[in-house]
Structures are given as structure tokens and as C-alpha cells.
Amino acid sequence: MSQQSLEHSQDRRPTRWHIAVFLAPALLVYTAVMILPLFGTLQLSLFRNVDNAQVFAGFDNFRTLFGDPRWSASFWNALGNNTWFFIIHMLVQNPIGVVLAALLSSPKLRFSAFYRTAIFIPTLLSFVIVGFAWKLILSPLWGVAPNLLDLVGLKSLFVPWLGKEEYALTALSLISVWQFVGIPMMLIYAAMLSIPDEVIEAAECDGVTGFSQFWKIQLPLILPSIGIISILTFVGNFNAFDLIYSAQGALAGPNYATDILGTFLYRTFFGFQLQIGDKNMGATIASMMFFIILAGVCLYLFLIQTRLRRYQF
Amino acid sequence: MSNRLLTGLLMASSILGSAGIALAQDKTLTIESWRNDDLAIWQEKLIPAFEKANPGIKVTFSPSAPTEYNAALNAKLDAGSAGDLITCRPFDASLELFKKGHLADLTSLKGMENFSDVAKSAWQTDDGKASFCVPMASVIHGFIYNKDAFEKLGIAVPATEDEFFAALDKIKADGTYIPMAMGTKDLWEAATMGYQNIGPNYWKGEEGRLALIKGDQKLTDADWVAPYATLAKWKPYLGDGFEAQTYPDSQNLFTLGRAAIYPAGSWEIATFNTQAQFKMGAFPPPVRKAGDTCYISDHNDIGIGLNPKSANAEAAKTFLTWVASPEFASIYANALPGFFSLNSAAVKMEDPLAQEFVSWREKCKPTIRSTYQVLSRGTPNLENETWVKSANVINGTETPEAASAELQKGLDSWYKPAK
């Protein structure tokens with residue numbers, strides 16, 4: 001009898017409309033500005049413009065992108081450059097970010113708020129300003145870089161970095177590192193602050209201090225944050241475009257040495273100078289960028305994040 | 001009583017208000033352009049002259065950055081938010097717009113008879129039957145030099161290539177000036193001011209250009225590789241770090257008086273006149289041997305067309321007819337020395353440097369840039385590739401032969417000349 005009344009009361013539980021109502025605005029906005037354009041792009045990549053009409057072409061555009069020697073050369077060149085761009089960020093930006101965060105969280109450091117702000121400020125600057133400022137700094141004619149090197153007697157080391165095929169991409173990567181090093185620093189700084197003092201004190205009681213304390217206690221505790229930063233860097237780098245465009249232009253010179261997927265997409269989609277934009281091939285490249293980022297993120301989520309050990313305090 | 005007064009006032013104001021709207025119903029035309037340098041000239045000279053002659057039509061000049069213009073314009077046209085009048089790039093970019101229905105047919109526009117067929121050729125269909133932009137101006141390539149520097153070093157204006165390189169050697173040996181102000185960072189300088197500037201003397205202007213389109217000549221032929229070989233010889237005469245020198249850097253180097261020779265397009269004249277504190281002269285690209293016929297690049301550069309979706313098409317046509325008139329040609333050519341009118345009516349120009357440039361039309365054979373007509377229709381785009389390759393050749397990272405071979409290979413991959 002009591003069982004029956006319980007089931008009865010469950011049946012009569014009102015439908016919880018409010019959940020749908022509260023979800024709807026965000027869901028609608030997200031669908032309108034993210035999901036629809038994404039599918040629009042994927043759809044566009046399956047069509048081709050024949051006599052000013054869009055004709056379904058299946059995977060022909062992808063076949064062109066990978067089969068045609070010129071398209072594929074441009075694509076692999078852009079992907080290679082993009083990978084190098086990412087490697088520099090992973091090897092330079094993130095370790096420096098971790099070190100800066102470790103220094104900032106040291107209780108003995110004075111003016112840490114000032115350093116924190118100063119290092120974070122470039123992140124707030126527009127790409128256009130950063131690109132322009134660094135172009136001027138590195139300019140062989142009016143830049144301060146040649147003069148500064150001259151002051152320390154190393155003028156011979158100066159090279160017009162942005163104009164040389166072998167250095168331009170690395171130079172731009174380092175500029176980007178300079179701009180964005182504040183982000184890993186802030187995230188890791190926050191992670192370090194959240195490490196309870198008891199853990200640190202316990203470590204000190206056990207005689208683990210200084211560098212080995214960082215290595216054995218703090219680093220394992222901030223590893224999940226480093227993982228998140230890596231994936232943010234990955235997504236950010238493979239979507240990058242602005243800095244290269246503002247510093248090197250859409251042709252990403254010299255000789256396409258700084259061409260990354262973003263600039264390659266821009267040139268193809270919107271056209272450049274006499275080259276007329278090709279929406280469909282552009283969408284094909286955009287889809288490839290989406291798949292590359294998707295694959296990278298999945299790899300991280302399923303292979304790395306599940307294996308990261310988490311500590312509960 | 002006061003209530004009635006208020007009502008009366010309100011009524012009156014509403015009627016007067018609407019009367020104000022009726023008065024303000026001037027037609028406003030918006031011009032899309034990439035010439036943001038010309039904003040002042042349009043606002044101060046051209047537009048007032050037009051508005052004075054045509055009351056009731058207001059014109060707004062709304063330029064965007066040159067490198068972004070084509071992409072921005074295409075996006076605006078597709079979205080239907082583009083202006084009434086569209087400044088036309090020469091050849092295929094505009095032809096494509098016409099084919100897509102983004103430019104109206106202006107063949108029968110009043111005033112089109114003021115232009116020669118050559119002038120109209122840049123904005124016509126391949127068969128020449130329909131014209132879609134009113135030709136505005138052409139630009140001529142050559143070299144602008146610092147007269148003071150040449151006098152101080154006792155250099156005569158070079159007429160042949162040997163004299164040209166001898167002059168460069170002399171400037172370099174003296175050391176006061178950078179012999180030539182050009183950089184390869186922005187790529188297009190190398191192609192436009194370099195290859196397309198000196199090239200016509202090698203491929204004999206129109207003769208070579210048309211043969212290339214017909215397929216009778218190849219980019220790997222000696223006449224097309226030789227200009228690259230000459231460009232490669234420019235490297236030692238460019239400033240330190242020219243690989244990272246941008247176009248504005250080059251302009252500043254020259255106008256500050258630090259460089260002696262500037263490979264130029266005539267469009268520089270206006271800015272150089274206001275910035276340079278020294279006397280300037282100009283010479284056409286030196287010929288290879290004394291007595292050779294000289295060829296110059298006299299390139300149709302700017303036209304103006306009508307957006308068929310314009311709500312004020314009639315007003316816009318009135319404006320275009322005015323652009324086709326000798327009156328416009330005269331104001332334009334004098335306000336912008338270096339942009340030479342394509343109008344058949346002779347225009348008197350005041351600027352000595354502009355006169356020098358235009359005088360070459362008498363003694364040299366004009367041609368247009370080799371990559372613009374037909375040959376930049378496909379992918380890879382020949383014009384853009386020429387930028388990259390010209391910069392490579394000057395940087396010394398690619399040999400002239402290898403660069404030409406690559407260009408021809410790219411062209412062959414999509415272009416089949418009509419036999």
C-alpha cells in the first residue's frame with residue numbers, strides 16, 4: 001500500500017519546465033553564434049562554385065587540398081609552421097610562465113603585485129599594437145634593437161630577423177610568447193596559491209625545501225593546471241592569425257616562411273590583391289583546422305587528462 | 001488656453017519637423033575606395049566641385065586600407081551593404097565583380113566616348129563589348145632620384161643599364177647615401193617597383209605581354225628571366241637589413257634624403273612633394289643598350305563603377321558622367337600629380353615631376369603590368385607568386401632561373417592559352 005502511494009506521488013511530480021527555460025537563452029545564443037556557423041563551414045567545404053552556382057562536390061575540395069601538389073605543399077607548409085609556432089610556445093612560454101609563477105608565489109619577493117601586473121599587461125594589448133611595436137623595435141633602420149646590440153658591442157649579431165626566411169617564424173613566435181606569457185603565469189600562480197600551507201609545512205618538516213620542494217611538492221600539484229594551459233596554448237596557436245597578419249601581411253613572407261593555417265585560410269577565403277577569394281576551399285581549410293584542433297583536444301582529454309593524478313585536500 | 005497653445009505648438013513642430021525631413025532628402029552617394037591617401041583631395045576638391053554643379057546630391061568618400069580593400073569589398077557586396085559607387089581595380093578583380101552582377105553595365109553611359117579603347121580595356125569583358133567602370137587614372141613606373149645628391153656626386157642621369165649600375169657604384173663608393181631605397185619585406189615592392197618597372201624593356205612591352213597570354217612565350221624564356229637576373233644585381237645597393245625594410249620605410253629613407261634613387265611608381269609624386277626637402281627628378285627604366293627603344297609601364301590603375309543595387313542609381317550615373325568629363329580629369333590630375341588621366345582630352349599639369357613622367361609617353365612605348373590581364377585568374381595566382389619570387393630573387397634565396405621555372409610551372413597548372 002505504502003509502496004503504491006510512493007509510485008503514485010512520483011508520477012505526479014510536475015515536469016520541470018524551468019530547467020529548459022533557464023537553459024534556453026544560453027543554448028539559443030550558443031547555437032546561433034557557434035554551432036550553426038560551424039556546420040555552415042563544414043557544409044560549405046562540401047560544395048563548389050560552378051558558373052556562380054554552388055554545386056555539391058562531396059570530398060572533392062579535400063581531395064584537391066591534399067592531392068594537388070601546390071595546394072598540399074601550401075597546406076603542409078602552413079601546418080609545419082604552425083607546429084613550430086606551437087612547439088616554441090610549449091618550450092618557451094609555458095616553462096617561463098611556471099618559473100615566473102613560482103617566483104611570484106615566493107613569500108620573500110617584494111613588489112610582487114607590480115611584477116604580476118607588468119608581466120600581464122602585454123596580454124591586454126591589441127595584436128595590431130604588438131605587431132607594429134615589434135616591427136619597429138626590430139627594424140634595421142629605425143629600431144632600437146640594432147642600437148641596443150651596438151651598445152654592448154654585439155652589433156654583428158643583428159640580423160633583420162623578420163625579413164629572413166630562417167628566423168622570421170621563430171622571431172614571431174617569441175613575440176607572441178612575450179605577449180602571452182602572462183596567461184600561464186596567472187593560471188599557475190592561482191594553482192600555487194591554492195596549495196594548502198600544511199602541505200608545504202609538512203614538506204619542510206620532512207626536510208624538503210627550496211628547489212626540491214618545488215620539484216617534488218608544488219610541480220605535481222600544479223600538473224593539472226599545466227595540462228589545461230597546454231591545451232589552451234594548442235587551441236590558441238592553431239587558431240592564430242592576427243600577429244602574423246599584422247606583422248608580415250597576408251602573404252606571410254618571406255617566401256611563405258611564416259604562413260600558418262590562419263593566414264593560409266584568410267588568403268584563400270577572402271582572396272588577396274589579384275587573387276579572388278574562394279569560399280569553398282577556404283571552408284575546406286577551416287574544416288581541417290577544426291579537425292586538427294578537435295583531434296588534439298580529444299587526444300588530451302582521453303589520453304592525458306584521465307591519467308593525471310589529482311589530489312584532494 | 002495654455003493647453004491649446006501647447007497643442008498648437010506640438011502640431012506646428014510636427015509639421016515643421018516633417019518639412020525638415022523633406023528638405024534633407026538629398027541623395028547621398030557613398031564611394032568605396034582603397035585610396036585612403038586621397039581622402040583629403042576628395043573631400044576638399046573633387047566632392048565640393050561636383051556638389052556645386054549638382055545640388056541635391058551629396059557624396060561621401062569612404063576608403064579602406066589598400067591590402068584589405070578587395071576582401072572587404074567582396075564581403076560588403078555579398079552582404080548588400082556596399083556603397084553606391086565602387087572604385088575598380090583593373091582587370092580580373094573587377095571583371096569577376098561584373099560577372100557576379102556586382103557592377104552595372106556602363107557601356108552606354110554618357111561620357112564613355114571620352115576614353116580610348118586602350119583606356120577602357122582594363123574594365124571590359126574579354127570581347128570588349130561591355131564596359132563596367134569609368135577609367136579614372138593610370139600610373140607610370142620609373143625611378144625618382146635625389147637631384148641634390150646626383151649634382152653633389154657629379155652623376156649624370158643614367159640612360160642605359162651600364163650607366164645605371166655605374167651610378168649606383170659611384171653612390172655606394174661615396175658612402176653618403178644609400179644607393180637605392182627599396183625593401184623586400186612587403187614583397188610587392190620587389191615585384192611592382194622592381195620586376196614590372198624594368199621588365200618591359202626586356203620583353204618589349206605589349207609584344208611580350210600579349211605573346212605570353214597567347215602562349216607563344218614562356219616565363220622561362222630569356223626575355224622574362226633576364227629582368228630577374230638584373231634584379232638580383234640590385235641587392236648590394238640596397239640599405240642594410242633591406243630584407244626587413246617595409247614600403248613606408250623605403251619612402252621615408254628617400255624623402256629624408258638618406259637614399260639617392262627610389263624605384264617608383266608615379267603615385268608617389270604627391271606624397272614625395274610634400275615630404276622631401278630636396279629637388280627631385282625622374283628617369284625612365286634604363287634601356288639595355290644605347291639606342292634601344294624604351295618601354296614603360298603605364299598601367300591602368302583606377303576606375304569607378306556603379307553598384308547595381310544602389311538605391312540612387314540615377315544620381316550615381318550623373319556622378320559617373322561627371323567623372324568622365326574633362327573637368328574631373330583636370331581637377332584630378334592636378335590634385336593628384338602622378339595619377340595620370342586616361343581621358344582623351346589633353347590635361348595640363350602643373351607639377352614638374354608629373355610632367356617628366358608623362359613626357360615618357362611621347363618617346364617610349366607604353367604597356368601594362370604583365371601579370372594583370374587574364375594571367376592572374378587561376379590558382380596559384382601569378383601576380384601574388386611574382387611578388388614572392390621577386391623578393392626571393394633579390395634576397396638571393398632563389399636563382400632567377402629557378403624562380404621563373406616555378407612561376408611557369410604554376411601558370412601551366414591552370415592556364416591553357418587559346419590556340
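Residues numbered from 1 in each chain as written. Chains lettered and ligands numbered in written order. Predicted model: local features only at pLDDT ≥ 70, side-chain atom pairs only at ≥ 80, totals over all residues. Heavy atoms only, no water.

1. Here we look at the interface of chain B and chain A
By a widely used convention, the size of an interface equals the accessible area lost when the partners come together. Counting from both sides, the interface comprises 41 residues of chain B and, opposite them, 29 residues of chain A. For the pairing of chain B and chain A, the buried interface totals around 3100 Å² over both sides, and the portion due to carbon and sulfur atoms is 57%. Looking only at chain B, the three residues that lose the most surface to chain A are Lys185, Glu243 and Asn384 of chain B, adding up to 17% of its buried area. Counting the contacts that link chain B with chain A gives 1 salt bridge. Here Glu243 of chain B ties to Lys164 of chain A by a salt bridge, and the two come within 2.9 Å at their closest N and O atoms. (Contact = heavy atoms within 4.5 Å. Buried area = accessible area lost by both parts, 1.4 Å probe. Salt bridge = Lys/Arg side-chain N within 4 Å of Asp/Glu carboxyl O.)

2. Notes on the environment of Ala171 of chain A
Residue and element names in this part refer to chain A. Among the structural elements, Ala171 can be located in helix α8 (residues 165-180). Spatially, the C-alpha atoms of Ala171 and Leu149 are 16 Å apart, while their sequence positions differ by 22 residues. Ignoring anything within four residues of it in the chain, the contact list for Ala171 reads Trp161 and Leu162. (Helix = DSSP H or I, 4+ residues; strand = E, 2+ residues; numbered from the N terminus.)

3. Remarks on the layout of surface pockets
For the second largest pocket, the calculated volume is near 1100 Å³. Every element with two or more residues in the lining of the second largest pocket is listed here: β1 (47-50), β2 (53-56), α3 (60-67), α13 (261-270), β4 (275-276) and α14 (279-304) of chain A together with α3 (66-79) and α4 (92-99) of chain B. Classifying every residue of the lining of the second largest pocket gives 11 nonpolar, 14 polar and 10 charged. Residue-level mapping places the lining of the second largest pocket at the junction of two domains, with at least three residues from each of domain 1 (3-136 + 302-348) and domain 2 (140-298 + 369-412) of chain B. (1 Å grid on protein atoms, 1.4 Å probe; cavity = no way out; pocket = protein on both sides within 12 Å on 5 of 7 lines; lining within 4 Å. Points joined across faces, edges and corners; volume = space filled by probe spheres on them. Nonpolar A, V, L, I, M, F, W, Y, C, P; charged D, E, K, R; others polar. Domains from an automatic or database assignment.)

4. A short note on the UniProt feature "transmembrane region" (unreviewed entry) in chain A
Residues and elements named next belong to chain A. The feature "transmembrane region" (unreviewed entry), as given by UniProt, occupies residues 20-39, 84-104, 113-134, 169-192, 221-244 and 282-303 in the numbering adopted here. Taken end to end, residues 84-104 is 100% helix and 0% strand, and its first and last C-alpha atoms sit 29 Å apart. The annotated region residues 169-192 carries 96% helix and 0% strand content, and the separation between its end C-alpha atoms amounts to 33 Å. (UniProt positions renumbered as here; feature names shortened; annotations may be inferred.)

5. So, a nonpolar patch on the surface
On the surface, a nonpolar cluster with roughly 600 Å² of combined accessible area is contributed by Val29, Tyr30, Val33, Met34, Ile35 and Phe39 of chain A. Inspection of the secondary structure puts Met34 of chain A in helix α2 (residues 17-44). (Patch = residues over 30% accessible without salt bridge, like charges linked within 9 Å, V, L, I, M, F, W, Y side chains within 5 Å. Areas by Shrake-Rupley, 256 points an atom, 1.4 Å probe, with all protein chains shown as cover.)

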